[in-house]
Amino acid sequence: MDILQAMKERRSVRSFNGAPLDEKSVSELRKAIEESYTLFGGDVTIRLKSFNLEGDFRPSTYGVIKGASDFFLMGIGDNEESALTAGFQFEQVVLKAWQMGFGTCWIAGTFKGSQFDEKEKWPDGESLKIICPVGVAEKPRLMEKMMRLTIGSNNRKPFSELFFEDDFRKSLNPENKFAEALGMLRLAPSSTNSQPWRVLVNGDKVMFYYKFKYPFVTIIDCGIGICHFYETERYNGFDGHFKKETDYPSAPDDWKYLISYSRS
C-alpha cells in the first residue's frame, strides 16, 4: 500500500499474537528509523528493542498491551522542538510498520526505572518518554474495544471545525488546494483522540495552531498530524518549507500558534 492508504487505514493495536519479529523485519524497521527525518531540530533518539515474554516482562502494565515482545523506545528532549520532532519523525516509522503489516500503539508516560528503560543510556538532555509495541495484531480484546469506544478513537471532528481560511471566522473550503493534505492530518492519531490541531490557510501559507490539553504530549500530537500533512504534500509533488514566524494572526484565547508551512 502507498503512504496515503496507510494513513487512512492505520489504527492503534494493543493486542498482539506474541510472536517476535523476524530478523528481516527488524532490519527493515531499523532502516525505517535511520531514514526517518525531521525539519524542526530538537533532540530525539528512536530505538527498537526486543523483550523475552517468558521472563518477568509484563508490558500490560503500560497501556493495556498484551502479547508484544518488540517495542520502539523514544528518548526525547524537554523542549517544544524535540516534542514536535518526536511526533513528526516517529509517525514516519509507524506508517512504515503498518505498510509492512505490523500494528503499533503510541504510549506516552514516565518510564524511568521500568524494564523499558533498564540498561538504556540516552544522549544528554533526553529521557524515555514514548514506548510503542510493534508486531502482528491479534483480534482486539473486549477491554480494547471498550477503550476505543470510550475515547471515540474512530471519530474525528468535522473538517469545518478544524480548518479555517483568511481568519478564524470562516471555515476552509473543502476544495482548497491544501484540503487533501489537511484531510490526512485530520485522520492522524492523538492522545485520547484529543485532536488538538487547528489550521489557518492564507493563500500559499498554512499556519498550524493547537488547542492545549496535555503538557508536552499535545505538541507530539501536532507533530504526528503535521507528518501526515507534509507526507501528503510530498506524495503530490510539493516540497514546501516550515518557518516559525513572529507575526501571525491572533486566534481564540485557548489556541496557540505553533509553526507555518509554505509551498513557495
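Shown above is the structure to which this text applies.
Below is a short write-up of the structure. (Residues numbered from 1 in each chain as written. Predicted model: local features only at pLDDT ≥ 70, side-chain atom pairs only at ≥ 80, totals over all residues. Heavy atoms only, no water.)

### Overview of the side chain of Arg 198
Along the chain, the position of Arg 198 falls in strand S8 (residues 197-202). In terms of polar contacts, Arg 198 uses its side chain to reach the backbone carbonyl oxygen of Gln 195, at 3.0 Å. Setting aside anything within four residues of it in sequence, one finds Arg 198 in contact with Lys 157, Glu 161, Leu 162, Met 207, Phe 208, Tyr 209, Lys 211 and Trp 255. (Helix = DSSP H or I, 4+ residues; strand = E, 2+ residues; numbered from the N terminus. Polar contact = N/O pair within 3.5 Å; in protein donor to acceptor, adjacent residues only side chain to side chain. Contact = heavy atoms within 4.5 Å.)

### Some points on empty space enclosed by the protein
Taken as a whole and judged by the stated rule, the model has 2 cavities of 30 Å³ or more. Roughly 40 Å³ of volume is contained in the largest cavity. Lining the largest cavity are Leu 185, Trp 197, Phe 208, Tyr 209, Cys 222, Gly 225, Ile 226 and Leu 258. For the lining of the largest cavity, the secondary structure elements donating two or more residues are strand S9 (205-211) and helix H7 (217-235). Considering each element in turn, the lining of the largest cavity owes the most residues, 3 residues, to H7. Its residues assigned to classes, the lining of the largest cavity comprises 7 nonpolar, 1 polar and no charged. Each pocket or cavity is described by its volume, and for the second largest cavity that value is around 30 Å³. Around the second largest cavity, the lining residues are Phe 16, Asn 17, Gly 18, Ala 19, Gly 67, Ala 68, Ser 69, Asp 70, Val 134 and Gly 135. (1 Å grid on protein atoms, 1.4 Å probe; cavity = no way out; pocket = protein on both sides within 12 Å on 5 of 7 lines; lining within 4 Å. Points joined across faces, edges and corners; volume = space filled by probe spheres on them. Nonpolar A, V, L, I, M, F, W, Y, C, P; charged D, E, K, R; others polar.)

### Regarding the packing of aromatic side chains
Applying the stated criterion to the full structure yields 27 aromatic pairs. Ring centres of Phe 51 and Phe 116 lie 5.5 Å apart, and the angle between their planes is 75°; on these two criteria the pair is classed as edge-to-face. Placement of the pair is Phe 51 in the loop between strand S1 (44-50) and strand S2 (70-77) and Phe 116 in the loop between strand S4 (107-108) and strand S5 (126-135), with a sequence separation of 65 residues. For Phe 51, a relative accessible area of 14% gives the class buried. Phe 116 sits in the buried class, given a relative accessible area of 1%. For the pair Phe 208 and Phe 242, a centre-to-centre distance of 6.4 Å together with 40° between the ring planes defines the contact as tilted. Residue Phe 208 is found in strand S9, and its partner Phe 242 is found in strand S10 (residues 241-243); the two are separated by 34 residues along the sequence. For the pair shown, Phe 208 and Phe 242 are each scored as buried. Through successive ring pairs, a cluster of aromatic residues spans Tyr 37, Phe 40, Phe 88, Phe 178, Phe 208, Phe 229, Tyr 230, Phe 242 and Tyr 261. Note that Lys 129 overlies the ring of Phe 216, its terminal NZ or CZ placed 5.4 Å from the centroid. (Phe/Tyr/Trp six-rings, centres within 6.5 Å; stacked < 30°, edge-to-face > 60°. Buried < 20%, exposed > 50% of the residue type's maximum accessible area, 1.4 Å probe, protein only. Lys NZ or Arg CZ within 6 Å of the ring centre and 35° of its normal.)

### A short note on the side chain of Thr 85
Tracing the chain through its elements places Thr 85 in helix H3 (residues 80-99). Taking the relative accessible area as the measure of exposure, Thr 85 reaches 1% and is therefore buried. A polar contact of 2.7 Å, which involves the side chain of Thr 85, links it to the side chain of Thr 38. When near neighbours in sequence (up to four residues on either side) are disregarded, Thr 85 contacts Thr 38, Phe 40, Gly 41, Val 44 and Phe 90.

### Quick word on the pattern of salt bridges
Scanning the model with the defined rule gives 12 salt bridges in all. Across the pair Glu 120 and Arg 47 runs a salt bridge, and its minimum N-O distance is 2.7 Å. Of this pair, Glu 120 sits in the loop between S4 and S5 while Arg 47 sits in strand S1, placing them 73 residues apart in sequence. For Arg 47, a relative accessible area of 24% corresponds to the partly exposed category. A salt bridge links Asp 204 to Lys 177; the shortest N-O distance between them is 2.3 Å. Taken together, the residues Asp 204 in the loop between S8 and S9 and Lys 177 in the loop between strand S7 (167-171) and helix H6 (179-186) connect sequence positions 27 residues apart. Exposure remark for Asp 204: the relative accessible area of 33% places this residue in the partly exposed category. Note on Lys 177: relative accessible area 45%, which makes it partly exposed. Several salt bridges converge on common partners, so that one network encompasses Arg 47, Lys 49 and Glu 120. (Salt bridge = Lys/Arg side-chain N within 4 Å of Asp/Glu carboxyl O.)

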